[in-house]
Amino acid sequence: TGAAVAGCSRLGDEPRRQRALVLQAIAVTGSGWIYDSAAKLAQLPCDACELETRALALALQAWHALDRGDFGAVAGRYTKLLDVLEQLDSLQVWYHGFRRPLYVRLPGMREPLTRFVEGVMRRIGDSPTEMRAIANVIASWLALWRGDLNSAMELIASAEDEARWFGMPTHL
């Protein structure tokens, strides 16, 4: 991805350079280099980015807060991410925004997670999708967290039914 950043710079393609920079920052986070990732992300004028690139950058900022143990900042960062996601119809970008389903235990995450579930459900059709399974798992955790065991069990059963279409992958 470093070559992609350099190549887009040489071509003067700023939107693609920004996207490549975010993807590079995501890649190094996956290798555990959080500070390198944050440094790459700091080079990016997020407000000037295309919406999908901005959404990926905002998701990464939330992951950085999680990785640093700054749990109080996570909800605010996800709220900003949702403000952008709600302007997009691409479920792929929504998927990349919420890769860690156990956010329910973090302070202030009830509202962002509820918005996420509602936003996904508005965007999916009738066909089975991994996103419906993910949204149902998150909704189940939210129901369990508020003490509604019956709803939690129904939602988990729905998520399992959905996941069967995809061979019960472990990430669901």
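Chains are numbered independently. Their residues run from 1 in the order of the written sequence. Restriction of local features to residues with pLDDT of at least 70 applies here, the model being predicted, together with a cutoff of 80 or more for giving and counting side-chain atom pairs; totals for whole chains, interfaces and linings are based on all residues. Think of the side-chain values as coming from all heavy atoms in the structure, minus any hydrogens and water.

Focus on the nonpolar core
Grouped burial of nonpolar side chains is what soluble globular proteins tend to show. The test is simple: By nonpolar core we mean a set of buried residues, namely Ala, Val, Leu, Ile, Met, Phe, Trp, Tyr and Cys, connected to one another through side-chain atoms within 4.5 Å. Exposure categories follow from relative accessible area, calculated using a 1.4 Å probe and restricted to protein chains: below 20% of the type maximum is buried, above 50% is exposed, and the middle band is partly exposed. Secondary structure is summarised from DSSP: a helix means a run of H or I of at least four residues, a strand means a run of E of at least two, and numbering begins at the N terminus for each. Here a residue-residue contact requires only that any non-hydrogen atoms of the pair lie within 4.5 Å.
Residues Tyr78, Leu85, Phe98, Tyr103 and Phe116 are the most contacted members of the largest nonpolar core, which totals 44 residues. At the level of elements, helix 2 (14-30), helix 4 (51-68), helix 5 (71-85), helix 6 (91-97), helix 7 (110-123) and helix 8 (130-145) are the ones that each hand at least two residues to this core. Broken down by element, this core gets its largest block of residues, ten residues, from helix 4. Residues within four places of Leu85 in sequence aside, it is in contact with Ala55, Val93, Trp94, Phe98 and Arg123.

Observations concerning the confidence of the model for the chain
To keep it simple, the criterion reads: Think of pLDDT as the predictor's per-residue confidence, scored from 0 to 100.
Per-residue confidence for the chain averages 85 on the pLDDT scale, and 94% of its residues sit at or above 70. Averaged pLDDT values for the elements of the chain fall to 75 in helix 1 (residues 2-11) and rise to 94 in helix 5.

Some remarks on a nonpolar patch on the surface
The condition that has to hold: Patches were defined on residues exceeding 30% relative accessible area and lacking a salt bridge, with like-charge contacts within 9 Å and nonpolar side-chain contacts (Val, Leu, Ile, Met, Phe, Trp, Tyr) within 5 Å. Areas reported as accessible are Shrake-Rupley estimates using a 1.4 Å probe. Residue values count occlusion only from the protein chains shown. Salt bridges are identified by distance alone: a Lys or Arg side-chain nitrogen within 4 Å of an Asp or Glu carboxyl oxygen.
A surface patch of nonpolar side chains, about 390 Å² in accessible area, is lined by Trp141, Leu144, Leu149 and Met153. When residues of the nonpolar patch are traced back to their parent elements, those giving at least two are helix 8 and helix 9 (149-164). By the element assignment, Leu149 lies in helix 9.

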